[in-house]
Amino acid sequence: MAFIFLIPSVLIIGVFNIYPALYSIVLSFFKWNGFSPKIPFVGLENYRTLFTNPEFYNSIGVTIVYSLLVTIISMGLGLLVAVALDRDIKGKTLYRILYFLPVVTPTVASGIVWTYLFDPSQGIINRTLAFFSITGPSWLTDSSWALLSVSIVGIWKRVGFCMIIYLAALQGISNSLYEAAEIDGAGDFKILKSIKIPLLAPSTLFLSITGFIDSFQIFDLVYVMTNGGPVDETDVLGLFLYRNGFDYFKLGYSSAIAVAIFAILFLLSFVQWKYTGGGDEN
Amino acid sequence: MRKHVLLSILIVFTFVCFTFAAVDIEFWHYWDGTNGEKLEALVSQFNESQSDVHVKAVFVPSSSIVSKIQTSALSGRTPALAISDIINISLIADTGKLVDLHPLIKADDYNVDDFYSELLTYGTKGDTLVSLPVSSSNLGLFWNKDLFREAGLDPETPPTTWEEIVEFSQIIKEKTGKDGFELYTGGGEGTTWQWQVFLWGANGEFLSKADDYRTAAFNSEAGRQALQFWCDLIYNYNVSKIAPWGLFGRGEAAMVMDGSWMVQFFPNQVSFELGSAVFPHPANGNFATNMGGEQIFLFNKSDEETAAAWEFVKWFTQTSVQVEWDKATGFIPVKKSVSEDNGYVSYIKNTRRLLLPFVEAEKYAQARPPVNEYPEVSDAFAREILKAIHNRVSVEEALGAAETKVNDILQ
């Protein structure tokens, strides 16, 4: 009887997750443009081409830099905001909502709005800088600023999520610990360093893993804001995959890229999990 | 007895119904707005003009028409007729499910020579012709007459050569502080297809036609001249910059290369007086432009459906219908007889003056190489030349690297 109730979920996951995932592994051994009736088997050729393609390594580099920037900075800022909002301050619910808003704002919409903000001549950012006699950069078209600009939006979108997780964890820390620390003469900073941060370790682990995995799969934001440019400076793996699959119609090759991304993510998550104590609170 | 009579009537009725019933065919397209409304009107006009064929126009968003055609070809549920952007025709033809139009053209003595020959490049696959042009667009020069006036230039005289672009731009920069010319530096096909006009203007070739478009031909004197010109505009003459697209529209650049479709949009978007012209060429070159547009094709179906679809194509591509179509949509004529049609010419001269240079330029229009790999070629090419545009490598290095990449893709 239980099995019958499982059927819808199994079917949905099977048809929309498992089957496409397995099929893309199979497809990675073929050369196919999606149109031709001929689908020749090419063995490992797609992987050979991928591993000798400098664009692939550039994309890995760009994606890692983006993921590190977004994961680490959003966690840092999220923690600060959470600690600040963990007190009894006026309007804290409003602040919490405001910080969380970017998380639920659609990424494409955020990307478009930020593109306007970043406009070198008309954007509010450079206009504000100009007010202070600072010449702002061409945020999205200058090759040394583009990745940072996209990362800023990524961080802006994630801070709220980190805040909520940290806030929940902070509220789970027993007040007796703070009281004991205060009796021992610990100040705010000491409490943060010796009580809050260590006790938030499981949340930090959770946020670093999910943050890295999420950021590693970034696509929409970059697609809307820079489309990988200028000069491949923001050409993240997701975009590299999309371009090959849906602009160039190299379905076999892009499946090989997908498999490679999966392998990288699996490995990184495993290493991260192992080195951070596997989520063990002790 | 009565039973027999009834049965006979039923049989005759069924026979009559089947014999005289119109053949229903589906036509997939992605024209929306005014273009979509005009198409619907024309399709109704066709359906009412005869009783043998009934065309049902089905709108598919442009972003998904290629994938929809792709899946329909795989599942065997293709429509009888569809359109696609010219650049995807080669890929769609790869399904092996498009009808070769040559036998139909021959049987009906259909005048295919009336189409601009470059447009037929896209539908030509070996000895077969799988598509016919039904709309076209091309690139030209738009200029801001107000900025010309402000700089003391004659607002009615646009540049006709690259040298004049530089000359005018420098005056504009000096007198108004605004950029002279806006370049598309956003990469991808946008950069490639604009740059190709400069290459062709300097008498260059993008992929070698003699080699069936299987080798790069842009790493030539003309290619170097074209790319050097872009870099010079930015770094030598300081009249262009690397910036998000849209400077011209906001009055921050005096000239831009843009498409004939902007004749529809610019007048409502900009707050200055506009001019349009055939795009300038270098003193040692010739006029050139790049073409866009859609082509119509038939999928292999029953003989009856193929004949019905062909009837519609013949009707839709005839000069009188195309004149009506182009007048309503602002598309550039795909047939010489339309460009020369008195009614069309006087309409353009009197009511759509900005479109006139684009209609004139169609005879200089060149086709992007009709190869399956074109999207990848175009993208790889833009990536490499952008390195020169960003002053990371020299013009020669960028073209050399682009040549290697493009040849790798095409091998």
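Being a predicted model, the structure only gives us computed values, none of them experimental.

Moving on to the domain arrangement of chain B. All names here are of chain B. Taken domain by domain, chain B consists of domain 1 (2–133 + 294–330) and domain 2 (138–291 + 367–410). Taken over C-alpha atoms, the centre of domain 1 sits 36 Å from the centre of domain 2. If you look at the interface, domain 1 gives 13 residues, while domain 2 gives 10 residues. Between domain 1 and domain 2 the total buried area reaches about 1,100 Å² when both faces are included, carbon and sulfur atoms providing 52% of it. Contact with domain 2 buries surface across domain 1, with Ile87, Glu118 and Tyr122 losing the most and accounting together for 44% of the total. Across the contact surface, domain 1 and domain 2 share one salt bridge.

The next thing to look at is the layout of surface pockets. The space that makes up the second largest pocket amounts to roughly 1,200 Å³. Forming the boundary of the second largest pocket are 36 residues, of which A:Lys31, A:Lys250, B:Glu376, B:Asp408 and B:Ile409 lie nearest the centre. Listing elements by their share of the lining of the second largest pocket, those giving two or more residues are α2 (45–51), α3 (54–85), α12 (237–247) and α13 (251–275) of chain A together with α16 (374–389) and α17 (395–410) of chain B. Residues that form the lining of the second largest pocket fall into these classes: 14 nonpolar, 10 polar and 12 charged.

Facing 25 residues of chain A, the contacting portion of chain B comprises 22 residues. Considering only the side of chain A, the residues that lose the most area to chain B are A:Phe35, A:Val231 and A:Tyr248, jointly responsible for 33% of the buried surface there. The interface formed by chain A and chain B includes seven salt bridges. One salt bridge connects A:Lys250 with B:Glu376, and the closest N-O pair in it is separated by 2.7 Å. Summed over the shared surface of chain A and chain B, the number is 13 residue pairs in polar contact (both at pLDDT 80 or more).

Taking 1.5 Å of rise per residue, 32 residues should cover 46 Å, and α3(A) covers 46 Å from first to last C-alpha, within 8% of that figure. If you check the start of α3(A), you find a side-chain oxygen 3.0 Å away from the backbone N of A:Glu55, and it comes from A:Asn53.

Moving on: the packing of aromatic side chains. Taken as a whole, this structure holds 51 aromatic pairs over all chains when the rule is applied. Seen in terms of ring centroids, B:Trp162 and B:Phe229 are 4.6 Å apart; in terms of plane orientation they differ by 20°. Their pairing is stacked. With B:Trp162 in helix α7 (residues 162–176) and B:Phe229 in helix α9 (residues 221–236), this pair connects stretches of sequence that are 67 residues apart. One aromatic cluster is present, built from ring pairs that chain together B:Phe27, B:Trp31, B:Phe46, B:Phe312, B:Trp315, B:Phe316, B:Trp325 and B:Phe331. It is A:Lys196 that lies over the ring of A:Tyr178; its NZ or CZ is 5.4 Å from the centre. Directly above the ring of B:Phe115 sits B:Lys335, whose terminal nitrogen or CZ lies 5.3 Å from the centroid.

Positive phi outside glycine occurs at A:Ser133, with the angle close to 60°. If you trace the backbone, A:Ser133 turns up in the loop between α6 (124–131) and α7 (146–171).

The next point concerns a nonpolar patch on the surface. Residues and elements named next belong to chain A. On the surface, a cluster of nonpolar side chains totalling about 1,200 Å² of accessible area is made up of Met1, Phe3, Ile4, Phe5, Leu6, Ile7, Val10, Leu11, Ile12, Val15 and Phe16. Within the secondary structure, isoleucine 7 is located in helix α1 (residues 2–27). A relative accessible area of 35% means that isoleucine 7 is categorised as partly exposed.

Turning to the nonpolar core, a few remarks are in order. Of all hydrophobic cores here, the largest spans 122 residues; its most connected members are B:Leu132, B:Phe181, B:Trp195, B:Phe218, B:Ile296, B:Phe312 and B:Phe316. Counting the residues that make up this core, at least three belong to each of domain 1 (2–133 + 294–330) and domain 2 (138–291 + 367–410) of chain B. In this view, B:Ile296 contacts B:Phe27, B:Leu81, B:Ala82, B:Ile83, B:Val130, B:Ser131, B:Leu132, B:Val134, B:Phe312, B:Val313 and B:Phe316; residues no more than four positions away in its chain are not counted. By size, the runner-up hydrophobic cluster in this structure holds 37 residues, among which are A:Leu79, A:Phe118, A:Ile155 and A:Ile173.

Scanning all chains against the criterion turns up 30 salt bridges over all chains. Among the ionic pairs, B:Arg383 bridges to A:Asp235, the shortest N-O distance being 3.8 Å. Of this pair, B:Arg383 sits in helix α16 while A:Asp235 sits in the loop between α11 (220–225) and α12, each in a different chain. Exposure remark for B:Arg383: the relative accessible area of 10% places this residue in the buried category. On the basis of relative accessible area, A:Asp235 is assigned to the buried category, the value being 0%. With its nearest N and O atoms 4.0 Å apart, the salt bridge here joins B:Lys335 to B:Asp114. Highlighted residues: B:Lys335 in the loop between α12 (319–329) and α13 (336–339) and B:Asp114 in the loop between α5 (102–108) and β4 (124–125), separated in sequence by 221 residues. Take B:Lys335 and B:Asp114: they sit in the same class, and that class is buried.

Our focus in this paragraph is the pairing of strand β3 (residues 81–85) of chain B. The two faces of the sheet receive side chains in turn, since in a regular strand these alternate between them. All names here are of chain B. The buried fraction of β3 amounts to four of the five residues, a majority that puts the element mostly inside the structure. Judged from the two bridges that link them, strand β1 (residues 23–29) and β3 form a sheet pairing that is parallel. By the bridge assignment for β3, phenylalanine 27 is matched with leucine 81. One ladder, built from five bridges, connects β3 with strand β10 (residues 289–298); its direction is antiparallel. Among the inter-strand pairings, alanine 82 is bridged to a residue of β10, identified as phenylalanine 297.

The rules behind each value
- Residues numbered from 1 in each chain as written.
- Chains lettered and ligands numbered in written order.
- Predicted model: local features only at pLDDT ≥ 70, side-chain atom pairs only at ≥ 80, totals over all residues.
- Heavy atoms only, no water.
- Domains from an automatic or database assignment.
- Contact = heavy atoms within 4.5 Å.
- Buried area = accessible area lost by both parts, 1.4 Å probe.
- Salt bridge = Lys/Arg side-chain N within 4 Å of Asp/Glu carboxyl O.
- 1 Å grid on protein atoms, 1.4 Å probe; cavity = no way out; pocket = protein on both sides within 12 Å on 5 of 7 lines; lining within 4 Å.
- Points joined across faces, edges and corners; volume = space filled by probe spheres on them.
- Helix = DSSP H or I, 4+ residues; strand = E, 2+ residues; numbered from the N terminus.
- Nonpolar A, V, L, I, M, F, W, Y, C, P; charged D, E, K, R; others polar.
- Polar contact = N/O pair within 3.5 Å; in protein donor to acceptor, adjacent residues only side chain to side chain.
- Expected span 1.5 Å × (residues − 1).
- Phe/Tyr/Trp six-rings, centres within 6.5 Å; stacked < 30°, edge-to-face > 60°.
- Lys NZ or Arg CZ within 6 Å of the ring centre and 35° of its normal.
- Patch = residues over 30% accessible without salt bridge, like charges linked within 9 Å, V, L, I, M, F, W, Y side chains within 5 Å.
- Areas by Shrake-Rupley, 256 points an atom, 1.4 Å probe, with all protein chains shown as cover.
- Buried < 20%, exposed > 50% of the residue type's maximum accessible area, 1.4 Å probe, protein only.
- Core = buried A, V, L, I, M, F, W, Y, C linked by side-chain atoms within 4.5 Å.
- Pairing = 2+ DSSP bridges.

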